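Survey of secondary and tertiary structure
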Amino acid sequence: MSVSDRIRVKNFRLLSDSKYILKVTTFDWRRDDGEWQTQVRETYDRGNGAALLPCNRSRRTVVLVRQFRYPAFVNGYDDLLIEAAAGMLDNASPEDRIRTEAEEETGYRLRDVHKVFEAFMSPGAVTEKLHFFVAEYEPEMRVSAGGGLAHEGEEIEVLELGIDDALAMIADGRIVDAKTIMLLQYAALHIF
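Worth saying up front: this structure is predicted, and the values here are computed from it rather than measured.

1. Some thoughts on the environment of Leu14
Note on placement: Leu14 falls in strand 1 (residues 7–16). A relative accessible area of 45% means that Leu14 is categorised as partly exposed. With 161 residues separating them in the primary sequence, Leu14 and Ile175 have C-alpha atoms 35 Å apart.

Written out as structure tokens, the structure is:
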């Protein structure tokens, strides 16, 4: 279902294009009753991304990463964030980019990555769509220590956890990252 006939963009103003694009847009939206309503919205465009959860079925383990996230810190989270490996697409295909990102962050060179779904993470203000992947890993696939790229400000610790432990970390608040929670729940339902 297309809604393009229900929206008329009147104007937009660029607020920032420092690293990503932040703009405010004024548009008219045709409501269900046929009336046009003027609305104003800010949108933050940082591009699309991909996230991946490496899983080992026989050992019942997953690989996650732990790192500092400033936006979470300023919102009251005073700890390192535990996450699935993820990154921006940077004009690459989701499959190619997530293989590279997973190797940079976790040190695992994954052969077969399987896309499981796509999702908008905060569609009220952020344009980003994430592509979610899972991949089987084995210990011999680890080709480096991982840790991310220091020149990008990354300082990443690699974690190998049992799936039951990872799920318990959601329940007790040690894992609070949405993409990670979604991938762990997918794994619990469809892989383990």
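2. A short note on helix 4 (residues 178–190)
Given a rise of 1.5 Å per residue, 13 residues ought to cover 18 Å, and the 18 Å separating the end C-alpha atoms of helix 4 matches this to within 8%. Considered for burial, the residues of helix 4 that qualify are Lys179, Thr180, Ile181, Leu183, Leu184 and Ala187.

3. Some thoughts on the nonpolar core
Looking at soluble globular proteins, one finds that nonpolar side chains tend to be buried together. Leu53, Val62, Leu64, Leu161, Ile175, Leu183 and Leu184 are the most contacted members of the largest nonpolar core, which has 24 residues in total. Elements that contribute at least two residues to this core include exactly strand 4 (49–56), strand 5 (61–67), strand 9 (129–136), strand 10 (157–162), helix 3 (163–171) and helix 4. Not counting residues up to four positions away in its chain, the partners in contact with Leu183 are Ala51, Leu52, Leu53, Ala84, Val116, Phe132, Phe133 and Val134. Listed in part, the 13 residues of the second largest apolar core include Leu52, Val63, Ile98 and Tyr137.

4. Here we look at the side chain of His131
With respect to the helices and strands, the residue His131 is situated in strand 9. Looking at His131, its side chain comes within polar contact range of the side chain of Glu118, at 3.4 Å. Apart from residues lying up to four places away in sequence, His131 is in contact with Gly49, Ala50, Ala51, Leu89, Pro94, Lys115, Phe117 and Glu118.

5. So, the pattern of salt bridges
For the coordinates displayed, the defined rule picks out 17 salt bridges. A salt bridge links Arg59 to Glu160; its shortest N-O distance comes to 3.1 Å. Within this pair, whereas Arg59 is found in the loop between strand 4 and strand 5, its partner Glu160 is found in strand 10, the two being separated by 101 residues in sequence. Under the relative-accessibility criterion, Arg59 is labelled partly exposed at 39%.

6. Considering the sheet that holds strand 1
Strand pairing in a sheet relies on backbone hydrogen bonds, with the paired strands running either antiparallel or parallel. Read across the open sheet, the 3 strands follow the order 1-2-3; overall the sheet is antiparallel. Edge positions in the open sheet fall to strand 1 and strand 3 (36–45), since each of these has one partner strand only. Going across the sheet, the axis of each strand differs from the next one's by a mean of 20°, ignoring polarity. Note that strand 1 and strand 2 (residues 21–30) share 8 bridges and pair antiparallel.

7. Focus: the packing of helix 3 against helix 4
In helix packing, the relevant descriptors are the interaxial angle and the interaxial distance, both defined with respect to the helix axes. Contact pair helix 3 / helix 4: the axes reach a minimum separation of 10 Å and the direction vectors enclose 135°. Viewed along their axes, helix 3 and helix 4 adopt a mutual orientation that is oblique. For the element pair helix 3 and helix 4, the recorded crossing hand is left-handed. Contacts between helix 3 and helix 4 involve Ile163, Ala166, Leu167 and Ile170 from the former and Ile181, Leu184, Ala187 and Ala188 from the latter. Its residues assigned to classes, the contact of helix 3 with helix 4 shows 8 nonpolar, no polar and no charged.

Rules behind the numbers
- Residues numbered from 1 in each chain as written.
- Predicted model: local features only at pLDDT ≥ 70, side-chain atom pairs only at ≥ 80, totals over all residues.
- Heavy atoms only, no water.
- Helix = DSSP H or I, 4+ residues; strand = E, 2+ residues; numbered from the N terminus.
- Buried < 20%, exposed > 50% of the residue type's maximum accessible area, 1.4 Å probe, protein only.
- Expected span 1.5 Å × (residues − 1).
- Core = buried A, V, L, I, M, F, W, Y, C linked by side-chain atoms within 4.5 Å.
- Contact = heavy atoms within 4.5 Å.
- Polar contact = N/O pair within 3.5 Å; in protein donor to acceptor, adjacent residues only side chain to side chain.
- Salt bridge = Lys/Arg side-chain N within 4 Å of Asp/Glu carboxyl O.
- Pairing = 2+ DSSP bridges.
- Axes fitted to C-alpha atoms, helices over the stretch in contact; angles between N-to-C directions.
- Parallel < 35°, antiparallel > 145°, perpendicular 65-115°, else oblique.
- Left-handed = near helix turned anticlockwise from the far one by under 90°.
- Nonpolar A, V, L, I, M, F, W, Y, C, P; charged D, E, K, R; others polar.

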